[in-house]
Amino acid sequence: MSVMDAMTVANPATRAPLGVELSPKPSLIGLTREEMGAALREKGVPDKQIKMRVSQLWNWIYVRGVSDFDHMTNVAKDMREMLKQHFTIARPEIVEEQISNDGTRKWLLRFPPRGAGRPVEIEAVYIPEEGRGTLCISSQVGCTLTCSFCHTGTQRLVRNLTAEEILSQLLLARDRLGDFPDRDVPVGAVVPSEGRKVSNIVMMGMGEPLYNFDAVKQALLIATDGNGLSLSKRRVTLSTSGVVPEILRTGDEIGVMLAISLHAVRDDLRDILVPINKKYPLKELIEACRNYPGLSNARRITFEYVMLKDVNDSLEDAKGLIQLLKGVPAKINLIPFNPWPGTNYQCSDWAQIEKFADFINSAGYASPIRTPRGRDILAACGQLKSESERMRKTERLAFEAMMIANHGADD
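The rules behind each value
Numbering of residues begins from 1 in every chain and follows the order in which that chain's sequence is written. Only residues with pLDDT of at least 70 get local features here, since the model is predicted, and only at 80 or more are side-chain atom pairs given and counted; chain-wide, interface and lining totals rely on the full set of residues. Side-chain metrics rest on all non-hydrogen atoms present in the structure, leaving aside hydrogens and water. Here a strand is any run of E in DSSP of at least two residues, a helix any run of H or I of at least four, and the numbering for each starts at the N terminus. Three labels apply to residues, based on accessible area from a 1.4 Å probe with only protein chains included: buried if under 20% of the type maximum, exposed if over 50%, partly exposed otherwise in between. Note on contacts: a residue pair is in contact if any heavy atoms of the two residues lie within 4.5 Å. Note that accessible areas follow from Shrake-Rupley with a 1.4 Å probe, and for residues the cover is restricted to the protein chains shown. Residue types Ala, Val, Leu, Ile, Met, Phe, Trp, Tyr and Cys, when buried and joined through side-chain atoms within 4.5 Å, form a set referred to as a nonpolar core. Any two rings among Phe, Tyr and Trp, with Trp reduced to its six-membered ring, count as a pair given centres within 6.5 Å; such a pair is stacked if its planes are under 30 degrees apart, edge-to-face if over 60, and tilted if neither. One side-chain nitrogen of Lys or Arg within 4 Å of one carboxyl oxygen of Asp or Glu is enough to make a salt bridge. What the arc describes is the spread of directions from the helix axis to the C-beta atoms. Helix axes use the C-alpha atoms of the stretch in contact, all axes being lines fitted to C-alpha atoms, and the angles between their N-to-C directions lie in the range 0 to 180 degrees. Each angle gets one of four labels, with under 35 degrees taken as roughly parallel, over 145 as roughly antiparallel, 65 to 115 as roughly perpendicular, and the rest as oblique. Note on convention: the crossing is left-handed when the near helix lies turned anticlockwise from the far helix by less than a right angle, right-handed when the turn is clockwise. Side-chain classes are defined by residue name, with Ala, Val, Leu, Ile, Met, Phe, Trp, Tyr, Cys and Pro counting as nonpolar, Asp, Glu, Lys and Arg as charged, and the others, Gly among them, as polar. pLDDT is a per-residue confidence score from the predictor, ranging from 0 to 100. Two strands qualify as a pair provided DSSP detects at least 2 bridges between them. The crossover handedness rule: strands pointing away from the viewer, path from first strand over the helix to second strand clockwise, crossover right-handed.

K.L.:
I'm lost on the overall build of the chain in this one. Help?
P.N.:
Counting its secondary structure elements, the chain contains 12 helices and 12 strands. Per-residue burial for the chain yields a buried fraction of 56% across its 411 residues. Put simply, 69% of the contacts in the chain that link residues at least 6 apart link residues at least 24 apart. With an accessible surface of roughly 17000 Å², the chain has 50% of that area assigned to carbon and sulfur atoms.

K.L.:
Looking at this structure, how should I read the nonpolar core?
P.N.:
One recurring pattern in soluble globular proteins is that nonpolar side chains are buried together. Judged by nonpolar contacts, the single largest core of 104 residues is most densely connected at Leu 28, Leu 40 and Phe 303. Excluding residues within four positions of it along the chain, Phe 303 makes contact with Ile 260, Leu 262, Ile 286, Cys 289, Leu 325, Val 328, Ala 330, Lys 331, Ile 332 and Asn 333.

K.L.:
Please explain the packing of aromatic side chains as it appears in this structure.
P.N.:
When we look at a pair of aromatic rings, we describe it by the centre distance and by the angle of the planes. Per the counting criterion, the structure on display carries 3 aromatic pairs. Ring plane angle 65 degrees and centroid distance 4.8 Å describe the contact between Trp 58 and Tyr 62, whose orientation is recorded as edge-to-face. One end of the pair is Trp 58 and the other is Tyr 62, both in helix 3 (residues 47-63) and 4 residues apart, which spans about a single turn. Judged on exposure class, the residue Trp 58 and its partner Tyr 62 are both buried.

K.L.:
Quick question: what am I supposed to make of the pattern of salt bridges here?
P.N.:
Opposite charge on two side chains permits them to pair, given that their charged atoms come into close proximity. Counted by the stated rule, this structure contains 23 salt bridges. Between Asp 317 and Arg 266 there is a salt bridge, with the nearest N and O atoms lying 3.5 Å from each other. Taken together, the residues span a long stretch of sequence, with Asp 317 in helix 10 (residues 315-324) and Arg 266 in the loop between strand 10 (257-261) and helix 8 (267-273) at a distance of 51 residues. Taking the relative accessible area as the measure of exposure, Asp 317 reaches 6% and is therefore buried. Each of Asp 214, Lys 217, Glu 246, Arg 249 and Glu 253 takes part in salt bridges that share partners, so that together they form one network.

K.L.:
How do you make sense of unusual backbone geometry when you look at a structure like this?
P.N.:
Phi at Ser 230 takes a positive value of approximately 60 degrees, unusual for a residue other than glycine. Checked against the element boundaries, Ser 230 lands in the loop between helix 6 (213-223) and strand 9 (236-240). One non-glycine residue, Asp 310, lies in the positive phi region at around 60 degrees. Classification of Asp 310 as exposed rests on a relative accessible area of 68%.

K.L.:
Honestly, helix 9 (residues 282-290) in this entry has me stumped. Any pointers?
P.N.:
Every buried residue of helix 9 is accounted for by Leu 282, Leu 285, Ile 286, Ala 288 and Cys 289. An end-on view of helix 9 places all buried positions within 155 degrees of arc, on one side of the element. Along its buried surface, helix 9 packs onto helix 7 (244-254), strand 10, helix 8, strand 11 (301-307) and helix 10.

K.L.:
It is not clear to me how the packing of helix 10 against helix 11 (residues 350-362) should be interpreted in this structure. Could you clarify?
P.N.:
Two numbers describe a pair of packed helices, the interaxial angle and the distance between the axes. At a closest axis distance of 10 Å, the pairing of helix 10 and helix 11 adopts a crossing angle of 30 degrees. In terms of orientation, helix 10 and helix 11 fall into the roughly parallel class. Judged by the twist between their axes, the crossing of helix 10 over helix 11 is right-handed. Seen from helix 10, the contacting residues are Leu 315, Asp 317, Ala 318, Lys 319, Leu 321 and Ile 322; seen from helix 11, they are Gln 352, Lys 355, Phe 356, Phe 359 and Ile 360. Of the residues that constitute the contact of helix 10 with helix 11, the class distribution is 7 nonpolar, 1 polar and 3 charged.

K.L.:
It is not clear to me how the environment of Pro 281 should be interpreted in this structure. Could you clarify?
P.N.:
By the secondary structure assignment, Pro 281 is in the loop between helix 8 and helix 9. For Pro 281, a relative accessible area of 23% gives the class partly exposed. Taking the C-alpha atoms as reference points, Pro 281 and Asp 271, separated by 10 residues in sequence, lie 8.3 Å from one another.

K.L.:
How should the packing of helix 5 (residues 163-176) against helix 6 be read in this particular structure?
P.N.:
Viewed as axis vectors pointing N to C, helix 5 and helix 6 meet at an angle of 40 degrees, and their least axial separation amounts to 8 Å. Overall, the two elements helix 5 and helix 6 adopt an arrangement that is oblique. Considering how the two elements wind past one another, helix 5 and helix 6 form a crossing that is right-handed. Contacts from Ala 163, Ile 166, Leu 167 and Leu 170 in helix 5 reach Ala 215, Val 216, Gln 218, Ala 219, Ile 222 and Ala 223 in helix 6. The residue inventory of the contact of helix 5 with helix 6, partitioned by class, reads 9 nonpolar, 1 polar and no charged.

K.L.:
Just checking my understanding: could you explain the confidence of the model for the chain for this structure?
P.N.:
Interpreting fine coordinate detail is not advised for predicted regions of low pLDDT. Here the chain averages 85 in pLDDT, and 81% of its residues register 70 or above. Low pLDDT, under 50, characterises residues 1-23; the predicted model gives this stretch 35 contacts beyond four residues in sequence or across chains.

K.L.:
Sorry if this is basic, but what is going on with the pairing of strand 9 here?
P.N.:
Along any regular strand the residues' side chains alternate between the sheet's two faces. Burial within strand 9 is extensive, with 5 of its 5 residues counted as buried. Summarising the sheet, strand 8 (residues 200-203) and strand 9 pair through 3 bridges and their orientation is parallel. Along strand 9, the bridge assignment pairs Val 202 with Thr 237. Taken together, the 4 bridges between strand 9 and strand 10 define a ladder with parallel strand orientation. Bridging across to strand 10, Thr 240 finds its partner in Ile 260. Following the backbone out of strand 9, through helix 7 and into the adjacent parallel strand 10, one traces a crossover that is right-handed.

K.L.:
Mind showing me how you'd approach helix 4 (residues 77-86) here?
P.N.:
Each turn of an α-helix holds 3.6 residues, which means side chains three or four residues apart point in the same direction. Regarding helix 4, the residues found buried are Met 79, Arg 80, Met 82 and Leu 83. Down the axis of helix 4, the smallest arc covering the buried residues is 160 degrees, so these residues share one side. Away from its buried face, by an angle of more than 90 degrees, helix 4 presents the exposed residues Lys 77, Asp 78 and Gln 85. Taken together, the buried residues of helix 4 touch helix 2 (33-42) and helix 3.

Set out below in structure tokens:
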């Protein structure tokens, strides 16, 4: 077995052929407490029991992390039988799990059709670091934005993910990493030495989160619920390419950290790299950032900037970036471009990236250069693409990848 083959770990027990009908039962995962109560009431649970039953289920699903009603030991057997008959709390199917030699993990997950005509697949990625473990979550199957440097953007939008499907990515990752009570960490897994295995979430996977606002909002509010998964909102970062009308709502209604997929400081260039700029140009985008609720030096906005050789990496671009962000509490993440099959772009030379970073740093902005991660499993920002448009394994493993870091609070 080759080294590359050894780093690809499949889960045969969860495999099913495309087209197999998955469980039609509705899931309790992703429902608000009110929705969960209404679902129980509809199945005959007495009103006087609803609050207690919802509290029990919430604890078992989000604190204990169970995926089988039979494990809910303080729930009466007849109640468990009713739940099994009418609902599910099962995890999505794992089609493939890949593990990089640096510990980065990528899961290809399959969900039922739900109007898409066939089962759909998305990718989620886990990045372990000292002191934190970051999970990159998808919000859509495919994407509508067609950013010219982004591999995900070459895949058409199939459908939005539901709140259940967004949240299930977190639950599955915590399952696989032993991050629920009384669970063991897999032998040899790379995880933070202390604390939670999944401490941070970034909505930076497949899709534009703000084009699926309601489902993303519901999933993230459950993920940050203090009586459940209890992630700090300062450790959750939502990345948008610039859906300006929804940015204020994100701060008001979700309250998580914000990241902007920027990549250019001039409208003419950003129109090409990030075409949504034609609808919401830089002036409107930056104004929305200035007005983001809770913005301060302690709650800065992260601006993502992919480094493209001879496209946006000159010192003039660096000067323009400083001018554009003047007065905005910000961190600037510099992302060496991650190649993918068919791209016409090249990564900036490393010396040029360092010059660019030095200039930004000297102007008083933190500008980390992302450390290469998951180099062998195409798990990087802009590289995620579901098996709905399958790449040949030899191509996929041939391209270097880097992964998401430096997002969300450390405390």
